[in-house]
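Summary of the model geometry
Each chain, written out:
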Amino acid sequence: MTRDEVLDEFRAAGALLEGHFILSSGLRSAVFLQKAKVFADPARTERLCRALAQKVKAELPEQPTIIVSPAVGGIVPGYETARQMGLKALYVERENGEFTLRRGFELGPEDRVLVVEDIVSTGLSSRECIEAIQATGATVIAEACLVDRSGGEADVGVPLIALTQYKVPAYPADQLPPELAAIPAIKPGSRGLA
Ligand SMILES: O=P(O)(O)OC[C@H]1O[C@H](OP(=O)(O)OP(=O)(O)O)[C@H](O)[C@@H]1O
Ligand SMILES: O=C(O)c1cc(=O)[nH]c(=O)[nH]1
Ligand SMILES: [Mg+2]
């Protein structure tokens with residue numbers, strides 16, 4: 001899929017939002033990809049994740065044995081990408097702020113993991129997720145995401161395969177451009193929620 005085709009799926013779902021958003025990293029942005037509205041439509045999710053699975057198969061020299069995603073945003077695309085690839089899909093979720101494997105999910109040294117994320121901005125959530133997986137003894141061979149908002153700049157420590165790159169400016173809270181400073185900020189994601 002081209003970048004326009006991917007972004008058209010977000011647009012058609014009403015998921016390409018403009019305003020003043022507090023991102024997971026704490027940075028601020030005038031654009032937010034509300035992936036939950038994309039994932040509310042199974043057919044749309046299937047189109048995106050099928051394309052992501054095809055890209056992973058074409059670009060990775062070694063195929064993964066299992067998929068692991070960071071909750072909440074990664075769960076649905078992780079599941080659908082796993083379905084497309086004939087793999088199982090696990091997820092890590094935050095417990096006292098730290099990504100943890102819960103619910104009886106198990107990983108070990110035999111597992112060759114593909115991390116599937118929805119959106120990568122700074123790569124911080126990806127790195128935290130990868131650390132949690134590596135702590136089990138499993139090997140993370142790569143990460144795949146639907147949209148890389150860093151435009152290829154984020155370093156997640158493993159090869160990152162993005163269905164598309166879409167560079168969006170983000171600013172520290174004390175360096176806001178005037179048009180952002182004029183609007184109240186909202187925080188759509190789950191990091192920091194109790
Ligand atoms: O690359 P980063 O700077 O870490 O930003 C990207 C992360 O932000 C969002 O998650 P968020 O923590 O907002 O929670 P969510 O998954 O529940 O939406 C998104 O799902 C990614 O996980
Ligand atoms: O950086 C983020 O937190 C983020 C950006 C974005 O566009 N969408 C999202 O769900 N999270
Ligand atoms: Mg997330």
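Cut-offs applied
Residues numbered from 1 in each chain as written. Chains lettered and ligands numbered in written order. Predicted model: local features only at pLDDT ≥ 70, side-chain atom pairs only at ≥ 80, totals over all residues. Heavy atoms only, no water. Pairing = 2+ DSSP bridges. Helix = DSSP H or I, 4+ residues; strand = E, 2+ residues; numbered from the N terminus. Right-handed = clockwise from strand over helix to strand, strands pointing away. Near = heavy atom within 4 Å. Polar contact = N/O pair within 3.5 Å; in protein donor to acceptor, adjacent residues only side chain to side chain. Nonpolar A, V, L, I, M, F, W, Y, C, P; charged D, E, K, R; others polar. Core = buried A, V, L, I, M, F, W, Y, C linked by side-chain atoms within 4.5 Å. Buried < 20%, exposed > 50% of the residue type's maximum accessible area, 1.4 Å probe, protein only. Contact = heavy atoms within 4.5 Å. Disulfide = S-S within 2.5 Å. Salt bridge = Lys/Arg side-chain N within 4 Å of Asp/Glu carboxyl O. UniProt positions renumbered as here; feature names shortened; annotations may be inferred. Areas by Shrake-Rupley, 256 points an atom, 1.4 Å probe, with all protein chains shown as cover. Axes fitted to C-alpha atoms, helices over the stretch in contact; angles between N-to-C directions. Parallel < 35°, antiparallel > 145°, perpendicular 65-115°, else oblique. Left-handed = near helix turned anticlockwise from the far one by under 90°.

Looking down a regular strand, the side chains alternate between one sheet face and the other. Looking at chain direction, strand E3 (residues 66–70) and strand E4 (residues 89–95) are connected through four bridges and run parallel. The residue of E4 that forms the bridge with Pro70 is Val92. Each parallel crossover has a hand, and the one from E3 via helix H4 (residues 75–85) to E4 is right-handed. Here E4 folds back onto strand E5 (residues 98–101), and the loop between the two strands holds two residues, one of which, Asn96, carries a positive phi near 50°.

Lining the immediate environment of ligand 2, one finds Leu23, Ser24, Phe32, Leu33, Lys35, Ile119, Ser121 and Arg149. Leu33 places a polar main-chain atom, nitrogen or oxygen, 2.8 Å from an oxygen atom of ligand 2. At 2.6 Å from an oxygen atom of ligand 2 is found a side-chain nitrogen or oxygen belonging to Ser121. Within the shell around ligand 2, the residues separate by chemical class into four nonpolar, two polar and two charged.

A separate point is the nonpolar core. If you look at the biggest cluster of nonpolar residues, it comprises 27 residues, and the most contacted ones within it are Phe10 and Leu114. The residues touching Phe10, leaving out its near neighbours within four places in the chain, are Ala15, Leu16, Leu33, Lys35, Val38, Ile119 and Val147. If you look at the next biggest cluster of nonpolar residues, it comprises 16 residues, including Phe99, Val113, Val115 and Cys129.

Taken as a whole, this structure holds zero disulfides when the rule is applied. Not part of a disulfide, Cys129 finds its nearest cysteine sulfur in Cys145, a span of 12 Å. The buried category is assigned to Cys129, whose relative accessible area is 0%.

It is worth spelling out the pattern of salt bridges at this point. Oppositely charged side chains can form a pair if their charged atoms are brought close together. As enumerated under the stated definition, the model contains 14 salt bridges in all. A salt bridge links Arg44 to Asp41; the shortest N-O distance between them is 3.8 Å. With a shortest N-O distance of 2.5 Å, Glu62 and Arg112 are connected by a salt bridge. You can see Glu62 sitting in the loop between helix H3 (42–59) and E3 and its partner Arg112 sitting in strand E6 (residues 112–120), a full 50 residues away along the chain. Within the structure, one salt-bridge network assembled from shared partners comprises Glu9, Asp41, Arg44 and Arg47.

According to UniProt, the feature "binding site: 5-phospho-alpha-D-ribose 1-diphosphate" (unreviewed entry) maps to Glu117, Asp118, Ile119, Val120, Ser121, Thr122, Gly123, Leu124 and Ser125 in the numbering used here. Looking at the secondary structure, you find Gly123 in the loop between E6 and helix H5 (124–134). Within the fold, Leu124 resides in helix H5.

Neighbouring ligand 1 are 18 residues, the closest being Glu117, Thr122, Gly123, Ser125 and Ser190. In this structure, Val72 approaches ligand 1 through a main-chain N or O atom, which is 3.3 Å from an oxygen atom. Its free accessible area being 490 Å², ligand 1 has 92% of it covered by the protein chains. Where the shell around ligand 1 is concerned, the elements lending two or more residues are E6 and H5. The biggest single contributor to the shell around ligand 1 is E6, with four residues. For the shell around ligand 1, the per-class residue count stands at five nonpolar, nine polar and four charged.

When the UniProt feature table is mapped onto this chain numbering, "domain: Phosphoribosyltransferase" (unreviewed entry) sits at residues 45–154. Along residues 45–154, the helical share is 34% and the strand share 32%, with 24 Å between the first and last C-alpha atoms.

This brings us to the packing of helix H1 (residues 3–12) against H3. Where H1 contacts H3, the two axes come as close as 11 Å, and the packing angle between them is 165°. With respect to H3, the element H1 is oriented roughly antiparallel. Seen along the crossing, H1 lies across H3 with a hand that is left-handed. Between H1 and H3, the residues in contact are Val6, Glu9 and Ala12 and Arg44, Arg47 and Leu48, respectively.

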